[in-house]
Amino acid sequence: MRQIVTTSTGGIEAMKVEQRPDPVANPGEVIVRVRAAGLNFADILARQGLYPDAPPTPCVMGYEISGVVEELGEGVNSDFAGKSVVALTRFGGQSELVAVKATQMFGKPEGLTFEQAAAIPVNYLTAYALLVVMGSLHEGESVLIHNAGGGVGLAALDIAKKVGALSFGTASPGKHKFLKERGLDHPIDYRTQDWQPILRELTDNRGVDLIIDPIGGKHWRKSYASLRHTGRLGMFGVSTASATGIKGKINLLKVAIQTPWFHPFALLSKNRGVFGLNLGHLWHEPEKVAVWMRDILRGVEEDWVRPYVDRPFSFDEVGEAHKYLEERKNIGKVVLIP
Ligand SMILES: NC(=O)c1ccc[n+]([C@@H]2O[C@H](COP(=O)([O-])OP(=O)(O)OC[C@H]3O[C@@H](n4cnc5c(N)ncnc54)[C@H](OP(=O)(O)O)[C@@H]3O)[C@@H](O)[C@H]2O)c1
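What comes next is a walk through the structure. Source: prediction; values computed, not measured.

### A look at the overall build of the chain
Stage number 1. The helix and strand inventory of the chain stands at eleven helices and 15 strands.
Stage number 2. For 338 residues, the compact-globule estimate of 2.2 N^0.38 gives 20 Å, and the chain sits close to it at 20 Å.
Stage number 3. On the principal axes, the C-alpha backbone points of the chain span a range of 60 × 45 × 40 Å.
Stage number 4. Within the chain, the fraction of its 338 residues that count as buried is 54%.
Stage number 5. A separation threshold of at least 6 residues defines the contact pool for the chain, and within that pool the share at least 24 residues apart is 68%.
Stage number 6. Carbon and sulfur atoms make up 52% of the accessible area of the chain, which totals about 15,000 Å².
Stage number 7. For the chain, the centre of its 38 positive side-chain charges and the centre of its 37 negative side-chain charges are spaced 7 Å apart.

As structure tokens, this is what we get:
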């Protein structure tokens, strides 16, 4: 089978498609023939050597796939044979064939293409955990979604609309028209101007009830300062560090130095909450994640979950796909096709 291998840390030339032996299904696993694999920002950071969770190189990244079950391991319900599925993979998803634990696999909604289905797991589970589970967003509240035009951003917008919250979103200006059409109430250009005074003006100086921030470092301080009383800040990424080579390492050091501390007394007196999320550290909680995923898949039937694929790239174009995300060209998800 063919796999996308991150051969070393560095530029996009480090990404290669290589032939590897087919995987074997262990007890409780199935082998899925992949039809589409999600590309995530974490894959870019891994290639840049800035993602501590990534396996050592050479490695095969990929947290999510859609495809067809080709083989069943011992103890797996035979109903799964030949089924179209969507699954979470603990790396290795960017392959023609992948071994997946049956507990991390779900039926693919019939109305979705394989490309759309592969756009669901990481983006929607992350957004669901941030907005519904930990952020406890309620009808009538307000939310600021940073990078609203990205994969997690669009998923968060779908959920905010379902909840009935007022939505603010930062994004590159070229994405605003699309975001308005998707239902974002207030797109804010954060590339050519400071988003903070604009948000203040739009909220009568009050701030918002929930902010989800994947940028990191000193940006978290700014987001924290923009919360309304009883507001919550969800921190879930450090995309500000993104860069190849020594620049990336320096950026990461800056993130570490500039990250704010939140004192309990300050939280108490301002009625604020802060939390962090790392979906990749929830592998030991499959039951919890499965409950969220079932709700999300129900959302597909109910039409409030609308996975949006910007464009597919073939496995051979993986370098171009990385570049597309790094250059902020994507709206929504980028998927890789074997
Ligand atoms: N903790 C978790 O469990 C978890 C799970 C999933 C994702 N994440 C994090 O969430 C963020 C979004 O992930 P995603 O996969 O959905 O990616 P994405 O948002 O689809 O793609 C990247 C987008 O982020 C924006 N961006 C902001 N700073 C950037 C930078 N320095 N370089 C390049 N792009 C930058 C760009 O959009 P605009 O310029 O238009 O804003 C770009 O299009 C990432 O930080 C990722 O690591 C965390």
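### Topic: helix α3 (residues 121-134)
Stage number 1. Maximum bend of α3: about 30°, positioned at tyrosine 128.
Stage number 2. Those residues of α3 not exposed but buried are Pro121, Val122, Asn123, Tyr124, Leu125, Thr126, Ala127, Tyr128, Ala129, Leu130 and Leu131.
Stage number 3. A positive backbone phi angle near 45° is found at serine 136, which sits one or two residues after α3.

### A short note on the nonpolar core
Stage number 1. By size, the foremost hydrophobic cluster in this structure holds 59 residues, and its most contacted members are Tyr51, Ile120, Leu125, Leu131 and Ile212.
Stage number 2. Of all the elements in the fold, those that place two or more residues in this core are α1 (41-47), β5 (84-88), α3, β8 (142-145), α4 (151-163), α5 (176-182), β11 (208-213) and α10 (286-301).
Stage number 3. Among the elements that take part in this core, α3 stands out by supplying eight residues, more than any other.
Stage number 4. Each residue touching leucine 131, except ones within four places of it in the same chain, is listed here: Ser136, Leu137, Ala156, Ile159, Ala160, Leu210 and Ile212.
Stage number 5. Within the second largest apolar cluster, 15 residues are counted, among which are Leu199, Val208, Tyr224 and Leu267.

### What to know about the pattern of salt bridges
Stage number 1. Within this structure, the stated rule accounts for twelve salt bridges.
Stage number 2. Lysine 329 is paired through a salt bridge with glutamate 327; the nearest N and O atoms lie 2.9 Å apart.
Stage number 3. Look at the salt bridges and you will find they share partners, linking Asp158, Arg182 and Arg306 into a network.

### Regarding the site of the ligand
Stage number 1. Around the ligand sit 25 residues, and of these Gly151, Ser172, Tyr190, Leu279 and Asn330 come closest.
Stage number 2. Side-chain polar atom of lysine 175 to an oxygen atom of the ligand: 2.9 Å apart, as the coordinates give it.
Stage number 3. Measuring from an oxygen atom of the ligand, one finds a backbone N or O atom of leucine 279 at 2.7 Å.
Stage number 4. At three residues, the largest contribution of residues to the shell around the ligand is made by α3.
Stage number 5. Its residues assigned to classes, the shell around the ligand shows ten nonpolar, eleven polar and four charged.

### Focus on the pairing of strand β1 (residues 2-6)
Every regular strand shows the same layout, with side chains that alternate between the two sheet faces.
Stage number 1. With four of five residues buried, β1 lies mostly within the body of the structure.
Stage number 2. Bridging between β1 and strand β2 (residues 15-19) involves five bridges; their strand directions are antiparallel. Opposite valine 5, over in β2, you have lysine 16 as the bridge partner.

### Regarding the packing of α3 against α4
Stage number 1. Interhelical geometry of α3 versus α4 gives an angle of 50° and a closest axis separation of 8 Å. Between α3 and α4, the interaxial angle falls into the category oblique. The handedness of the crossing between α3 and α4 is right-handed. Residue-level inspection shows Asn123, Tyr124, Thr126, Ala127, Tyr128, Leu131 and Val132 of α3 in contact with α4, the latter providing Gly151, Val152, Ala155, Ala156, Asp158, Ile159 and Ala160.
Stage number 2. Residue classes in the contact of α3 with α4 are distributed as ten nonpolar, three polar and one charged.

### What to know about the sheet that holds strand β10 (residues 186-189)
Stage number 1. The six strands are arranged β10-β9-β8-β11-β12-β13 in an open sheet whose pairing can be described as parallel. Each having just a single partner strand, β10 and β13 (273-276) make up the two edges of the open sheet. The sheet shows a mean angle of 15° between the axes of neighbouring strands, taken without regard to direction.
Stage number 2. As judged from the five bridges shared by β11 and strand β12 (residues 227-235), these two strands associate in the parallel manner. Paired with valine 208 across the bridge in β12 is leucine 227.
Stage number 3. Each of β8, β9 (166-171), β10 and β11 is contacted by helix α6 (residues 195-202), which is oriented at about 155° to β10, the strand it contacts most.
Stage number 4. Packing against the sheet, helix α7 (residues 218-225) makes contact with β11, β12 and β13, and its axis sits at approximately 155° to β12.

### Digging into helix α8 (residues 246-258)
Stage number 1. If you check α8, its first and last C-alpha atoms are 18 Å apart, about what 13 residues at 1.5 Å a residue would give, namely 18 Å.
Stage number 2. Looking at α8, one finds that the buried residues are Gly248, Asn251 and Val255. For α8, the angular spread of buried residues about the axis comes to 60°, placing them on one side. The exposed set on the far side of α8, more than 90 degrees from its buried face, consists of Ile246, Leu253, Ala256 and Ile257.

### Focus on the environment of glycine 93
Stage number 1. Along the chain, glycine 93 turns up in the loop between β5 and β6 (97-101).
Stage number 2. Judged by relative accessible area, which is 0%, glycine 93 ranks as buried.
Stage number 3. Sequence separation between glycine 93 and lysine 270 is 177 residues, and the spatial gap between their C-alpha atoms is 43 Å.
Stage number 4. Ignoring anything within four residues of it in the chain, the contact list for glycine 93 reads Val34, Ala37, Met61, Gly62, Ile65 and Val98.

What counts as what
- Counting from 1, residues in each chain are numbered in the order their sequence is written.
- Only residues with pLDDT of at least 70 are given local features in this predicted model, and only at 80 or more are side-chain atom pairs given and counted; all residues enter the totals for whole chains, interfaces and linings.
- Side-chain calculation: all heavy atoms of the structure are included, whereas hydrogens and water are not.
- We count a stretch as a helix when DSSP gives it H or I for four or more residues in a row; a strand needs E for two or more, and each element gets its number in order from the N terminus.
- For a compact globule the rule gives 2.2 Å times the number of residues to the power 0.38, and the radius of gyration it is set against comes from C-alpha atoms.
- The buried label goes to any residue with under 20% of its type's maximum accessible area, the exposed label to any with over 50%, and the partly exposed label to all in between, with areas taken from a 1.4 Å probe on protein chains only.
- Contacts are assigned to residue pairs with any non-hydrogen atoms lying within 4.5 Å of each other.
- Areas reported here follow the Shrake-Rupley algorithm with a probe of radius 1.4 Å; residue values treat only the protein chains shown as occluding.
- The sign given to each residue is positive for Lys and Arg and negative for Asp and Glu; His and the chain ends receive no count.
- For this purpose, a charge sits on NZ of Lys, CZ of Arg, CG of Asp or CD of Glu.
- Across the chain, bend at a residue is computed as the angle between axes fitted to the seven residues ending at that point and the seven starting from it.
- Only buried Ala, Val, Leu, Ile, Met, Phe, Trp, Tyr and Cys residues count toward a nonpolar core, and they belong to the same one when joined by side-chain atoms within 4.5 Å.
- By definition, a salt bridge exists where a carboxyl oxygen of Asp or Glu is found within 4 Å of a side-chain nitrogen of Lys or Arg.
- Put simply, a residue is near a molecule or strand once any heavy atom of it comes within 4 Å of that molecule or strand.
- Two N or O atoms count as a polar contact when they lie within 3.5 Å, although within protein this holds only if one can serve as hydrogen donor and the other as acceptor, and sequence-adjacent residues are included solely when both atoms are side-chain atoms.
- Residue polarity is assigned by list, with Asp, Glu, Lys and Arg as charged and Ala, Val, Leu, Ile, Met, Phe, Trp, Tyr, Cys and Pro as nonpolar; anything else, Gly included, falls into the polar class.
- At least two bridges found by DSSP between two strands are what make those strands a pair.
- Angles shown run from 0 to 180 degrees and are taken between the N-to-C directions of axes, each axis being a line fitted to C-alpha atoms and, for helices, limited to the stretch in contact.
- Each angle is binned into one of four classes, with values under 35 degrees roughly parallel, values over 145 roughly antiparallel, values of 65 to 115 roughly perpendicular, and all other values oblique.
- Whether a crossing is left-handed or right-handed is set by the direction in which the near helix is turned from the far one by less than a right angle, anticlockwise for left-handed and clockwise for right-handed.
- Between the first and last residue of a helix there are one fewer steps than residues, each counted as 1.5 Å, and that sum is the expected span.
- Directions drawn from the helix axis to the C-beta atoms are what define this arc.

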